[in-house]
Amino acid sequence: MTALILGAVVFAVLFAGFSALGVWQVQRLAWKQELIRQVDARIHAAPVAAPPPDQVVTRQADQYRRVVVSGRFDHSREALVKAVTDLGPGYWVLTPLETDRGFTVLINRGFVPSERQKLADRAAGQVGGRAAVVGLLRLTEPDGGFLRANDPAGDRWFSRDVAGIAKARGLQGPVAAYFIDADATPNPGSWPRGGLTVVRFANSHLIYALTWFGLALMSAAGFVLFAREEKRRRAAR
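Residues numbered from 1 in each chain as written. Predicted model: local features only at pLDDT ≥ 70, side-chain atom pairs only at ≥ 80, totals over all residues. Heavy atoms only, no water.

**Student:** Please clarify how the layout of surface pockets should be interpreted in this entry.
**Tutor:** The probe, sized like a water molecule, is rolled over the atoms to show the empty space still left. Of the voids in this model, the largest pocket is the one considered here, and its volume is about 250 Å³. For the lining of the largest pocket, the secondary structure elements donating two or more residues are β5 (104-113) and β6 (130-139). Here the lining of the largest pocket gets four residues from one element, more than from any other, and that element is β6. Of the residues in the lining of the largest pocket, the class split is 10 nonpolar, two polar and two charged. (1 Å grid on protein atoms, 1.4 Å probe; cavity = no way out; pocket = protein on both sides within 12 Å on 5 of 7 lines; lining within 4 Å. Points joined across faces, edges and corners; volume = space filled by probe spheres on them. Helix = DSSP H or I, 4+ residues; strand = E, 2+ residues; numbered from the N terminus. Nonpolar A, V, L, I, M, F, W, Y, C, P; charged D, E, K, R; others polar.)

Right under this line is the structure:
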């Protein structure tokens, strides 16, 4: 009887643990589906004014919010960030926009292939005068990318680190802590190419939930087999 009781305790712990993990994944699934719904609504909403630097923006409430801002580009202080897109390898072009509202925000004007990284190779795209930008608000990416850290001293950027780029380019005055991915509105000369933001969320929570619930059922079935075998042994004795 001792072995049967011990086995019951072990299998009960396994069943409870696996079931709890399955319930947790169901809750995560509901959270992820709500997040996807919210982001989809933001992407397709009418653009709102880009928030000022003193307004707190968060990933949950503001990431991928459609915004509009106007001002003048400072092309002399653009930064190129390594990128790989459906158009191939190249760079994101991040250009400071000195807004009409008295602050600066980095605009990801879009993608250029490696052979277009020099300003002279895309001179037509250096928009002068006042410009209006509609795009998606994105949070800063300070941790580098492509398994490599940003190198401000060498002017090598692998992620869109707003604070790092602002410091390296000597941007003055208040600078927004986010950047904006410009939409697909064509630029003169076709480069940079905007509107390439990839909005994708991994959502495997249902598969994980079914896996954990399956393991819970397997542990229950294992206990039944164990109990039968233990009873057979007792009867044989």
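**Student:** Just checking my understanding: could you explain empty space enclosed by the protein for this structure?
**Tutor:** Under the counting rule described, the total for this entry stands at one cavity of 30 Å³ or more. Lining the largest cavity are Trp92, Asn108, Arg109, Gly110, Arg160, Asp181, Ala182, Gly194, Gly195, Leu196 and Thr197. Contributions of two or more residues to the lining of the largest cavity are made by β5 and β7 (175-182). The element contributing the most residues to the lining of the largest cavity is β5, with three residues. For the lining of the largest cavity, a count of residues per class yields three nonpolar, five polar and three charged.

**Student:** Which parts of the structure should I look at to understand the packing of aromatic side chains?
**Tutor:** Going through the model one piece at a time under the given rule, you end up with one aromatic pair. Here Trp92 and Phe111 contribute two aromatic rings whose centre-to-centre distance is 6.2 Å and whose plane-to-plane angle is 80 degrees, an arrangement assigned as edge-to-face. Taken as a pair, Trp92 in strand β4 (residues 88-99) and Phe111 in strand β5 lie far apart in primary sequence, 19 residues in all. There is no split in this pair, since Trp92 and Phe111 are both buried. (Phe/Tyr/Trp six-rings, centres within 6.5 Å; stacked < 30°, edge-to-face > 60°. Buried < 20%, exposed > 50% of the residue type's maximum accessible area, 1.4 Å probe, protein only.)

**Student:** Please explain the pattern of salt bridges as it appears in this structure.
**Tutor:** Pairs may arise between side chains of opposite charge once their charged atoms sit close together. The final tally for this structure, using the stated rule, is 10 salt bridges. Between Asp151 and Arg156 there is a salt bridge, with the nearest N and O atoms lying 2.5 Å from each other. The partner of Arg169 in a salt bridge is Asp155, with the nearest N and O atoms 2.9 Å apart. One end of the pair, Arg169, is in the loop between α3 (162-168) and β7; the other, Asp155, is in the loop between β6 and α3, and 14 residues separate them in sequence. Judged by its relative accessible area of 17%, Arg169 falls in the buried class. (Salt bridge = Lys/Arg side-chain N within 4 Å of Asp/Glu carboxyl O.)

**Student:** How do you make sense of the pairing of β5 when you look at a structure like this?
**Tutor:** Consecutive side chains of a regular strand alternate in pointing toward one face of the sheet and then the other. With 10 of 10 residues buried, β5 is to be regarded as a mostly interior element. One ladder, built from nine bridges, connects β4 with β5; its direction is antiparallel. What sits directly across from Val93, in β5, is Gly110. Examined bridge by bridge, β5 and β7 share four bridges and lie parallel to one another. By the bridge assignment, Leu106 is partnered in β7 with Phe179. (Pairing = 2+ DSSP bridges.)

**Student:** Looking at this structure, how should I read the nonpolar core?
**Tutor:** With 18 residues, the main nonpolar core has Val81, Trp92, Leu94, Leu106 and Ile165 as its most contacted residues. Contributions of two or more residues to this core are made by β3 (79-85), β4, β5 and α3. Other than its neighbours up to four places away in sequence, Leu106 contacts Leu94, Thr95, Pro96, Val162, Ile165, Leu171, Tyr178, Phe179 and Ile180. The next biggest cluster of nonpolar side chains, apart from the first, holds 17 residues, and it includes Val67, Val133, Leu139 and Ala176. (Core = buried A, V, L, I, M, F, W, Y, C linked by side-chain atoms within 4.5 Å. Contact = heavy atoms within 4.5 Å.)

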